[in-house]
Amino acid sequence: MAKVAIIGTGAMGSVYAALMADHGHEVWAVDTWPEHVAAMRDKGLRVEGASGDRTVSLNATANAADAGPVDLAIIATKLDGVAPACDAIQPIVRDDTAILSIQNGLGGPDIAAAAFGPERVTIGVVGGFGASMKGPGHAHHNGMEFVRLGEYQGALNDRTAMIADVWESSGFKVLSFDDIHKMVWEKLICNCAYSGPCTITGLTVGEVMADANASAISQACAAEACAVARAKGIAVEIDDPVDYIRTFGAKIPNARPSMAQDHEARKRCEIDAINGAIPREAAALDMTAPVNTFVMQVIKARESAF
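A quick note: this is a predicted structure, and the numbers were derived from the prediction, not measured.

Some remarks on the pattern of salt bridges
For side chains of opposite charge, pairing can occur when their charged atoms come near one another.
Item 1. Within this structure, the stated rule accounts for 15 salt bridges.
Item 2. Among the ionic pairs, E145 bridges to K251, the shortest N-O distance being 3.5 Å. Taken as a pair, E145 in the loop between strand 10 (138-141) and strand 11 (146-151) and K251 in the loop between helix 9 (241-250) and helix 10 (258-264) lie far apart in primary sequence, 106 residues in all.
Item 3. For R268, the salt bridge goes to E303, with nearest N and O atoms at 4.0 Å. With a gap of 35 residues between them, R268 in the loop between helix 10 and helix 11 (277-283) and E303 in helix 12 (residues 290-303) connect regions that are remote in the sequence.
Item 4. A residue is classified by how much of its surface remains accessible, and E303, at 4% relative accessible area, is buried.

See the structure below:
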């Protein structure tokens, strides 16, 4: 069994923490939400949904240093939390500690690689869970798809295998890839299709798919993202981006992406890492991404009132 620190136990981080703790790993859940930390410490962490319904005991803290040295540090924050998370785990990272960065969109692993060296960082790509927080110490998820792993730099190695074993022994389905950056973009295309459109419309993934106007926006966002990925030379295995995102969305029709949940709570979201990343990447290639640009602008306009 491994000693694991999970930095950022929002909806997805809570799913990771609960299943790993339930399967015998020593888990340290690190979060900045005081009520959530207190609930996990006092009553345990409850996760329900596709994996069942469980309440587990684990170590919960706002200070990563409390964990002491760990075998695996999972940075599961949103993009704007990665740099603080890298600072927070400095006291618990040994030379042989595996560092796994899991974020939506682009940029998170780049920050971790700058902090620890590209040769130290493993990338995780997780999608199809449709997770949400029901309250402090209580998360729910609609799906149970694959955890995809690969090295930020170089081929799969013993560290990748160790990380995969932790996940697999906790009940997750794992796939490992020599070219994980391809998987980052394949997930980003799905995120662009639903995160922004769900946020501006207030609809679930399934409702966006069913509505002609919302679906048109969703499909255009995905098509632009796929075109940019191909222009960058990313070897995405997508024949038709519209079919690809509809297959993905059909698995989690009741899900509300985390960006939409943030706006419901009147919190700024990670639009810059998702739909907002596409026009930036496009501009570097002398391309445009007008629909993703529009979605980003609408979301930022709404956030100006938060």
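What about the sheet that holds strand 1 (residues 3-7)?
Item 1. Taken in spatial order, the 8 strands make up an open sheet running 5-2-1-6-7-8-11-12, and their pairing is mixed. The open sheet terminates on both sides in strands that have one partner only, identified here as strand 5 (59-61) and strand 12 (173-176). Across the sheet, the mean angle separating the axes of adjacent strands is 25° when strand polarity is ignored.
Item 2. Pairing between strand 8 (residues 121-126) and strand 11: 5 bridges, direction antiparallel. Following the sheet pairing, V125 is matched in strand 11 by R148.
Item 3. Where helix 1 (residues 11-22) meets the sheet, its contacts fall on strand 1, strand 2 (26-30), strand 6 (70-75), strand 7 (93-102) and strand 8, and the angle it forms with strand 1 comes to roughly 165°.

Looking at the nonpolar core
Item 1. In this structure, W185, I189, Y194, V236 and I278 are the most contacted members of the largest nonpolar core, which totals 43 residues.
Item 2. Taken together, the elements giving at least two residues each to this core come down to strand 8, helix 6 (180-201), helix 7 (205-210), helix 8 (212-231), helix 10, helix 11 and helix 12.
Item 3. When residues of this core are assigned to their parent elements, the largest contribution, 11 residues, is made by helix 6.
Item 4. When neighbours within four sequence positions are excluded, Y194 is seen to be in contact with T199, V205, V208, M209, S218, I245, R246, F248, G249 and P257.
Item 5. Counting residues in each nonpolar core, the second largest holds 39 residues, with V126, F129, V147 and F172 among its members.

Thoughts on the state of the cysteines
Item 1. This structure, assessed with the given rule, holds 0 disulfides.
Item 2. Among the cysteines around C190, which has no disulfide bond, C192 carries the closest sulfur, lying 9.4 Å off.

Describing the packing of aromatic side chains
Note on aromatic pairs: each is described by the distance of the centres and the angle between the planes.
Item 1. In the structure shown here, the tally under the stated rule is 5 aromatic pairs.
Item 2. With a centroid separation of 6.3 Å and an interplanar angle of 40°, the aromatic rings of F129 and F172 are classed as tilted. Within this pair, whereas F129 is found in the loop between strand 8 and strand 9 (131-135), its partner F172 is found in the loop between helix 5 (158-168) and strand 12, the two being separated by 43 residues in sequence. For the pair F129 and F172, a shared accessibility class is recorded, and that class is buried.
Item 3. A ring pair is formed by Y194 and F248, whose centres lie 6.4 Å apart and whose planes are at 25°; its orientation type is stacked.

Some details on the pairing of strand 6
Item 1. For strand 6, the tally of buried residues reaches 5 of 6 residues, placing the bulk of the element in the interior.
Item 2. Two elements, strand 1 and strand 6, share 4 bridges in a ladder whose sense is parallel. Residue pairing for strand 6: A5 is matched across the bridge by A73.
Item 3. Across 5 bridges, strand 6 lies against strand 7 in parallel orientation. By the bridge assignment, I75 is partnered in strand 7 with S101.
Item 4. The β-α-β motif built from strand 6, the intervening helix 3 (residues 82-88) and the parallel element strand 7 has right-handed crossover chirality.

Parameters and conventions
- Residues numbered from 1 in each chain as written.
- Predicted model: local features only at pLDDT ≥ 70, side-chain atom pairs only at ≥ 80, totals over all residues.
- Heavy atoms only, no water.
- Salt bridge = Lys/Arg side-chain N within 4 Å of Asp/Glu carboxyl O.
- Helix = DSSP H or I, 4+ residues; strand = E, 2+ residues; numbered from the N terminus.
- Buried < 20%, exposed > 50% of the residue type's maximum accessible area, 1.4 Å probe, protein only.
- Pairing = 2+ DSSP bridges.
- Axes fitted to C-alpha atoms, helices over the stretch in contact; angles between N-to-C directions.
- Contact = heavy atoms within 4.5 Å.
- Core = buried A, V, L, I, M, F, W, Y, C linked by side-chain atoms within 4.5 Å.
- Disulfide = S-S within 2.5 Å.
- Phe/Tyr/Trp six-rings, centres within 6.5 Å; stacked < 30°, edge-to-face > 60°.
- Right-handed = clockwise from strand over helix to strand, strands pointing away.

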